[in-house]
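Here are the chains, one letter per residue:
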Amino acid sequence: MSERGEETNTYGSLLAAVVDEIADPLLVPNLGTNTAALMARYPTLPALHLWGGMGLTHSLGLGVALARPERTVVVLDGDGSLLMGLGGVATIGVLRPPNLLHVVLDNAAWGNTGGQPTHTASGVRLEDVAAACAYPVAVRAGGPAEFVEALRRYVAEPRCTMVVAPLPYGDPGPAPRGPEPVLIKRDFLAECLRNPRA
Amino acid sequence: MSSDQRTVSRLSSTLVPELARFQVELGAYVPDHLISGVTDELRDRPGFQLVAAAREDEGLAILAGAYTAGTRGVMLMQSSGFGLCLNAIASLLLPYQIPVPMIVGLRGGIGEFNVAQLAGGQSVAPVCASLGIPYAAPASFEILSAILPGMLKTCFSTGRPVCVGIQRSLAA
């Protein structure tokens, strides 16, 4: 249960909320758990599925957002990856693209190496980092209803936003076998070029 | 130096038009005094966006994201920062075949005073070689002009990063 007594976030609840609430998103999921969860549930959504680049997911998302200002870019980050790239949070805070929605699935664990605790397990609050780095909106969503609420606030007034969603660590199981990185890139680029800039 | 006092450096006048010819519209950088003339010009260039990154690997990731969304970019950094880029190159740019030209101000060469710059600067060429990344550190503007079109062509045609080292003699 969350701090407000709601149900707990799950990969299923968080991804379903993004799909339901954000129209026509470009998705940038962190390697490992997030890419695996997204591929298993929504294999056909336009996404730059990552198999590498740990610590850089949000910076990749920033690059996509700068290149495609007319599309909403949803970064599905992980706490471990983001902790590796806190400087990149500051760069996003400088540029603040309104089409960038930075979701952090915070399981407080290094998910790919056996669930060892990350710094967020000891009280580090990534939404506070984002707020200190001048993100216009940086909130914590303890449960599914709060998460949907945060997404709706973003849709109502798109401003560069971080939403940290704590969820329990669980072994996600083996990742589905997806296409090779070069094919992921090809399909993502084709999707981006499908809607040329106005 | 204010912009009205600034003169376009020879390094900048060699690099910038060639980048434009290859439709490079985005740059990321971490400051380096050897190539500051280039970043100064790119910052003010119409139709070009220059992003200040906090770290060099982050800059490569921003450019990688932009490339996968249809915009070509260039990375500008110092050799010490190139040392931070191994993961971004090896686990992102190479497997996804993302082309990014890297312009690297070379410390650690002849005349270097700082021992902390020596090994890093000297490692750029062998690191590029070990990753299969085309690399050149031209000794003159004439050679730079001669190789640059080919480096950029190889970069964007083959979907690989390339690296151009800028020696102190070509500094901004």
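How each quantity is defined
Position numbers for residues start from 1 in each chain and track the written sequence from start to end. Whichever chain is written first is A, and whichever ligand is written first is 1; the rest continue in order. Where local features are concerned, this predicted model is filtered to residues with pLDDT of at least 70; where side-chain atom pairs are given and counted, the filter is 80 or more; whole-chain, interface and lining totals use all residues. With axes taken as lines fitted to C-alpha atoms, and helix axes fitted only over the stretch in contact, angles between N-to-C directions fall between 0 and 180 degrees. Strands are runs of DSSP state E lasting at least 2 residues, helices are runs of H or I lasting at least 4, and numbering of each runs from the N terminus. Here is the rule for angles: anything less than 35 degrees is roughly parallel, anything more than 145 is roughly antiparallel, 65 through 115 is roughly perpendicular, and the remaining ranges are oblique. Handedness of each helix crossing follows the sense of rotation of the near helix against the far helix: counterclockwise by less than a right angle gives left-handed, clockwise gives right-handed. For the purpose of contact definition, each residue receives a C-beta atom placed from its backbone, and two residues are in contact when these atoms lie within 7 Å. By the convention adopted, Pro, Cys, Tyr, Trp, Phe, Met, Ile, Leu, Val and Ala count as nonpolar, Lys, Arg, Asp and Glu as charged, and the other residues, Gly among them, as polar. Put simply, a residue is buried when 20 or more other C-beta atoms lie within 10 Å of its own C-beta and exposed when 12 or fewer do; between those, it is partly exposed, and each C-beta is set from the backbone. Here the rule is simple: two strands pair whenever DSSP picks up at least two bridges between them. As a per-residue measure, pLDDT tells how confident the predictor is, with possible values from 0 to 100. A clockwise course of the path from the first strand over the helix to the second, judged with the strands pointing away from the viewer, identifies a crossover as right-handed.

Chain B goes by Decarboxylase in an unreviewed UniProt entry, where it is assigned to Phytohabitans suffuscus.

Per an unreviewed UniProt entry, chain A goes by Thiamine pyrophosphate enzyme TPP-binding domain-containing protein and derives from Phytohabitans suffuscus.

A closer look at the packing of helix H1 (residues 11-21) of chain A against helix H2 (residues 33-41) of chain A
Residues and elements named next belong to chain A. With their axes 11 Å apart at the nearest point, H1 and H2 run at an angle of 65° to one another. With respect to their mutual orientation, H1 and H2 come out roughly perpendicular. The interaxial crossing formed by H1 with H2 has right-handed handedness. In this structure, H1 uses Tyr-11, Gly-12 and Leu-15 to contact H2, whose residues at the interface are Ala-37, Leu-38 and Arg-41. Residues of the contact of H1 with H2, tallied by class, amount to 4 nonpolar, 1 polar and 1 charged.

Here we look at H2(A)
All names here are of chain A. Of all 9 residues making up H2, 7 are buried, and the element is well covered by its neighbours. Among the residues of H2, Thr-33, Asn-34, Thr-35, Ala-36, Ala-37, Leu-38 and Met-39 are the ones counted as buried. Looking at the packing, one finds that the buried side of H2 touches H1, strand S1 (26-29), strand S2 (73-78) and strand S3 (100-106).

Regarding the environment of A:Leu62
Tracing the backbone shows A:Leu62 in helix H3 (residues 57-67). Given 31 C-beta atoms within 10 Å, A:Leu62 falls into the buried group. Here the alpha-carbon distance between A:Leu62 and A:Arg96, two residues 34 residues apart in the chain, equals 9.0 Å. Excluding residues that lie within four positions of it along the chain, A:Leu62 makes contacts with A:Thr91, A:Ile92, A:Leu95, A:Pro97, A:Leu100, B:Ile62 and B:Gly65.

Brief notes about the sheet that holds strand S2 (residues 49-52) of chain B
Judged by pairing direction, the sheet is parallel, and its 6 strands sit side by side in the order S2-S1-S3-S4-S6-S5 (chain B) without closing on themselves. Because the sheet does not close on itself, it has two edges, and the strands there are S2 and strand S5 (135-136) of chain B.

Quick look at the sheet that holds S3(A)
All names here are of chain A. Read from one edge to the other, the open sheet built from 5 strands follows the order S1-S2-S3-S7-S6, with strand pairing classed as parallel. One side of each edge strand has no neighbouring strand; the edge strands of this open sheet are S1 and strand S6 (137-140). Direction aside, the axes of adjacent strands within the sheet are offset by 15° on average. In this sheet, S3 lies alongside S2 in parallel orientation, the contact comprising 6 bridges. Paired with Val-73 across the strands is Leu-100, a residue of S3.

Points about the confidence of the model for chain B
Residues and elements named next belong to chain B. Averaged over every residue, the pLDDT of chain B is 94; the share at 70 or more is 95%. Considering only residues more than four positions removed or in separate chains, one finds that residues 1-5, a stretch of pLDDT under 50, has 2 contacts. Across the predicted assembly, pTM comes out at 0.95 and ipTM at 0.95.

Focus: the pairing of strand S7 (residues 161-166) of chain A
Residue and element names in this part refer to chain A. In terms of residue burial, S7 counts as a mostly covered element, since 6 of its 6 residues are buried. Going residue by residue along S7, you find Thr-161, Val-163 and Ala-165 tucked away on one face and Met-162, Val-164 and Pro-166 tucked away on the opposite face as well. Here S3 runs beside S7; their pairing, made up of 6 bridges, is parallel. The residue of S7 that forms the bridge with Val-103 is Val-163. Sheet topology note: the S6/S7 ladder contains 4 bridges and is parallel. Directly across from Arg-140, in S7, lies its bridge partner Val-164. For the crossover that starts at S6, traverses helix H7 (residues 144-156) and ends in the parallel S7, the hand is right-handed.

Structural notes on the environment of B:Ile98
One can find B:Ile98 in the loop between helix H5 (86-93) and strand S4 (101-105). Judged by C-beta crowding, with 27 C-beta atoms within 10 Å, B:Ile98 ranks as buried. Sequence separation between B:Ile98 and B:Gly159 is 61 residues; the distance between their C-alpha atoms is 5.1 Å. Apart from residues no more than four positions distant in its own chain, B:Ile98 is found in contact with A:Lys185, B:Ala64, B:Tyr67, B:Thr68, B:Leu92, B:Leu93 and B:Gly159.

Description of the packing of H1(A) against H7(A)
All names here are of chain A. Where H1 meets H7, the closest approach of the two axes is 10 Å, and the angle between their N-to-C directions is 25°. For the element pair H1 / H7, the angle class is roughly parallel. Between H1 and H7 the crossing geometry is right-handed. For the pair H1 and H7, contact is made by Ser-13, Leu-14, Ala-17, Val-18 and Glu-21 and by Pro-144, Phe-147, Val-148, Leu-151, Arg-152 and Val-155, respectively. A class-by-class count of the residues in the contact of H1 with H7 yields 8 nonpolar, 1 polar and 2 charged.

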